[in-house]
Amino acid sequence: VRVEDGTHIYFERKELDEKWGGVGCDAVSVAWAASSESTGDRVERVWAVPFGPKGTELWSNKGVGEKQTALERLDEKSGVKAQVEKREDGYTVTLTIPRKMVMGDGATCVMNISVSDNDGGARTWTRSWAKEELGPAGWGRMTMKAAETQPATTRPAATRPRMGR
């Protein structure tokens, strides 16, 4: 997720408070549910907070909008990884989330990606790939397909060019 943001903000307090715009610092979140018919309480979410004092922090919670649960620090054993690349005009967060964590045993899910941006003010602004308040019914559908296998092609053996004939 590429974020255009010249001011990188981190706050120790990790509470979701709608009057302040959600989480109080810069963050990227990925939310998913098994299907568009899923209720908000079936939504899972991973948060990457890129500018922690010891580097990127990973958090998780459940739910949608004002009904989200409190943020909990994500255990390293979860398999979730984040890489942050700072740029002059912002930063890029690359999140790696285990397929089984998102898809379970299925091949489809619905997903939303959100960016929380605080430039040192009293309010954090959130931009989303899809409207967060619509919940899973309004999010993008993801389908995993097995890689197509291509038949191996055989090349003719290299031959030495013949000169003068």
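Predicted model, so just to flag it, every value in this text is computed and none were measured.

J.: Even after reading the chapter, I still don't get the pairing of strand β6 (residues 81–87), so can you show me in this structure?
T.: Working note: regular strand, side chains alternate between the two faces of the sheet. As paired elements, β6 and strand β7 (residues 90–96) share seven bridges and run antiparallel to each other. From the neighbouring strand, K86 faces β7, where its bridge partner is Y91. Counting the residues between successive antiparallel strands, the hairpin from β6 to β7 contains two residues.

J.: Would you mind showing me how to read the packing of aromatic side chains here?
T.: Here the distance between the centres and the angle between the planes together describe a pair of aromatic rings. Tallied over the entire structure, the rule returns one aromatic pair. Each ring, one from F51 and one from Y91, has its centre 4.9 Å from the other, and the planes form 85°; the classification is edge-to-face. Of this pair, F51 sits in strand β3 (residues 44–52) while Y91 sits in strand β7, placing them 40 residues apart in sequence. Taken as a pair, F51 and Y91 share a single burial class, namely buried.

J.: So what exactly am I meant to see when it comes to the side chain of T92 here?
T.: Within the secondary structure, T92 sits in strand β7. Among the polar contacts listed, one links the side chain of T92 to the side chain of R87, at a separation of 2.6 Å. Those residues in contact with T92 that sit more than four places away from it in its chain are V1, R2, Q83, V84, E85 and R87.

J.: I would appreciate a short explanation of the pairing of strand β4 (residues 55–62) in the present structure.
T.: By the bridge criterion, seven bridges tie β3 to β4 in an arrangement that is antiparallel. Paired with A48 across the strands is L58, a residue of β4. What sits between the antiparallel neighbours β3 and β4 is a turn of two residues. With two bridges connecting them, β4 and strand β5 (residues 72–73) associate as antiparallel partners. Across the sheet, residue S60 finds its bridge partner in β5, namely E72.

Rules used in this analysis
Residues numbered from 1 in each chain as written. Predicted model: local features only at pLDDT ≥ 70, side-chain atom pairs only at ≥ 80, totals over all residues. Heavy atoms only, no water. Pairing = 2+ DSSP bridges. Helix = DSSP H or I, 4+ residues; strand = E, 2+ residues; numbered from the N terminus. Phe/Tyr/Trp six-rings, centres within 6.5 Å; stacked < 30°, edge-to-face > 60°. Buried < 20%, exposed > 50% of the residue type's maximum accessible area, 1.4 Å probe, protein only. Polar contact = N/O pair within 3.5 Å; in protein donor to acceptor, adjacent residues only side chain to side chain. Contact = heavy atoms within 4.5 Å.

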